[in-house]
Amino acid sequence: MDRFHFFEEQAKWWDDVIGSVEDEKISMLFENMSIFKGDKIVDIGAGTGLLIPYLSKAVGSNGAVYALDFSPAMLREAKNKFGHLRNVGFICADVMEMPLPCLVNMAICNGCFPHFLDKIGALRAIFDALLPGGALVISHLSNKDEINQKHLEIGGEIAKDLIPNLSELEAMLRRVNFEPVVMFDEDVYFAKAAKS
Ligand SMILES: C[S@@+](CC[C@H](N)C(=O)[O-])C[C@H]1O[C@@H](n2cnc3c(N)ncnc32)[C@H](O)[C@@H]1O
């Protein structure tokens, strides 16, 4: 089964797969992201919307969150839960297309970067979608080894979707002219890089 059909099939029970997420891990992500009221943010590979309520609150009524995912089934679940939030839009597209209504302050890839087939191409598409001075966040709510182990257990195409270690990621980011700002791989995997 290819990645697209894997995520289409998983959408119905994705929230059960994720389980309950510890508040400390979410806090750790948001402390390091540094989001401001009024920011415009794209949540790439938004899935069923795990980050949407937090992002919606962080940007406030003058900001905007674009939840982008290539899986209609994932987005349907996200919309059912968070379609009422007035500062959130839903966009069904591949990261390589990025059809946003405007340039954004921040692009977030939580739990999805390893699944991009052409990682450098995806980083270039994200770079082009950011405002000057904008930032990219690549994060996971577990560390690299835990996530990679999970992907290997799932098998098939997903087993090939491994998270790069921080020095490999740094090299990829610099190749596309991103300047790494914060990177760590502890309880959570987190990298923030600026559009230089
Ligand atoms: C592991 S889930 C993470 C979902 C959510 N960000 C979270 O933290 O729960 C990965 C998501 O990335 C999406 N995805 C994978 N490859 C993609 C691509 N090339 N373009 C857009 N979305 C993609 C999948 O459909 C899936 O919803």
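Read on for an overview of the structure. Being a predicted model, the structure only gives us computed values, none of them experimental. Per chain, residue numbering runs from 1 following the sequence as it is written. pLDDT decides what is reported in this predicted model: residues at 70 or higher carry local features, side-chain atom pairs at 80 or more are listed and counted, and totals for whole chains, interfaces and linings draw on all residues regardless.

**Things to note about the pairing of strand E1 (residues 40-44)**
Selection criterion: As a rule, residues whose C-beta atom has 12 or fewer other C-beta atoms within 10 Å are exposed, those with 20 or more are buried, and those in between are partly exposed; C-beta atoms are placed from the backbone. Helix numbering and strand numbering both begin at the N terminus, where a helix is a DSSP run of H or I of at least 4 residues and a strand a DSSP run of E of at least 2. Strands were regarded as paired on the criterion that DSSP finds at least two bridges between them. Handedness is read with the strands pointing away from the viewer; a crossover is right-handed when the path from the first strand over the helix to the second is clockwise.
With respect to burial, E1 is a largely interior element, 5 of its 5 residues being buried. The alternating pattern of E1 places Lys 40, Val 42 and Ile 44 and Ile 41 and Asp 43 on opposite faces, both of which are buried. Note that E1 and strand E2 (residues 64-69) share 5 bridges and pair parallel. Each residue of the ladder has a partner; that of Ile 41, found in E2, is Val 65. Crossover connection from E1 via helix H4 (residues 52-59) to parallel E2: handedness right-handed. Across 4 bridges, E1 lies against strand E4 (residues 104-110) in parallel orientation. In the strand pairing of E4, Val 42 is matched with Ala 107.

**Concerning the environment of Asn 62**
We count it as follows: Here contacts are defined at the residue level, using C-beta atoms placed from the backbone and a cut-off of 7 Å between them.
Positionally, Asn 62 belongs in the loop between H4 and E2. Among the residues examined, Asn 62 registers 10 C-beta atoms within 10 Å and is labelled exposed. With 56 residues separating them along the chain, Asn 62 and Asp 118 place their C-alpha atoms 34 Å apart. Among all residues touching Asn 62, those that are not within four sequence positions of it are Lys 37 and Gly 38.

**Looking at the site of the ligand**
Under the convention used in this document: Using a C-beta atom placed from the backbone for every residue, we mark a residue as near a molecule or strand if that atom lies within 6 Å of it. Throughout this entry, Asp, Glu, Lys and Arg are counted as charged residues, while Ala, Val, Leu, Ile, Met, Phe, Trp, Tyr, Cys and Pro are counted as nonpolar. The remaining residues, Gly among them, count as polar.
Around the ligand there are 18 residues in total, and Phe 7, Gly 45, Gly 47, Gly 111 and Cys 112 lie nearest to it. When its residues are assigned to classes, the shell around the ligand shows 9 nonpolar, 6 polar and 3 charged.

**A look at the packing of helix H6 (residues 119-129) against helix H8 (residues 166-175)**
Here is the rule we go by: For helices, the axis comes from a line fit to the C-alpha atoms of the stretch in contact; other axes are also lines fit to C-alpha atoms, and the angle between any two N-to-C directions lies between 0 and 180 degrees. Throughout this description, any angle smaller than 35 degrees is read as roughly parallel, any larger than 145 degrees as roughly antiparallel, any in the 65 to 115 degree range as roughly perpendicular, and the remainder as oblique. We call a crossing left-handed when the near helix sits turned anticlockwise from the far one by less than a right angle, and right-handed when that turn is clockwise.
Axis separation between H6 and H8 bottoms out at 9 Å; the angle between their running directions is 50°. With respect to H8, the element H6 is oriented oblique. The two elements H6 and H8 cross, and the hand of that crossing is right-handed. Only Met 172, Leu 173 and Arg 175 of H8 make contact with H6, whose side of the interface consists of Lys 119, Ile 120 and Leu 123. A per-class count over the contact of H6 with H8 returns 4 nonpolar, no polar and 2 charged.

**Points about unusual backbone geometry**
Phi is positive for Met 98, close to 50°, though the residue is something other than glycine. Note that Met 98 resides in the loop between strand E3 (88-92) and E4. Residues other than glycine seldom take positive phi values, yet Asn 177 does so here, at roughly 75°. Mapped onto the fold, Asn 177 is located in the loop between H8 and strand E6 (178-185). Residue classification places Asn 177 among the partly exposed positions, given that 13 C-beta atoms sit within 10 Å.

**Comments concerning the environment of Ala 125**
As for its placement among the helices and strands, Ala 125 is situated in helix H6. Judged by local crowding, Ala 125 falls into the partly exposed class, with 19 C-beta atoms found within 10 Å. Counting along the chain gives 29 residues from Ala 125 to Met 96, while the straight-line C-alpha distance between them is 5.8 Å. Not counting residues up to four positions away in its chain, the partners in contact with Ala 125 are Val 95, Met 96 and Met 98.

**Concerning the pairing of E6**
Put simply, side chains in a regular strand alternate between the two faces of the sheet. Summarising the sheet, E6 and strand E7 (residues 189-195) pair through 7 bridges and their orientation is antiparallel. Residue Glu 179 lies in a different strand from E7, and its bridge partner there is Ala 194. The antiparallel hairpin formed by E6 and E7 contains 3 residues in its connecting segment.

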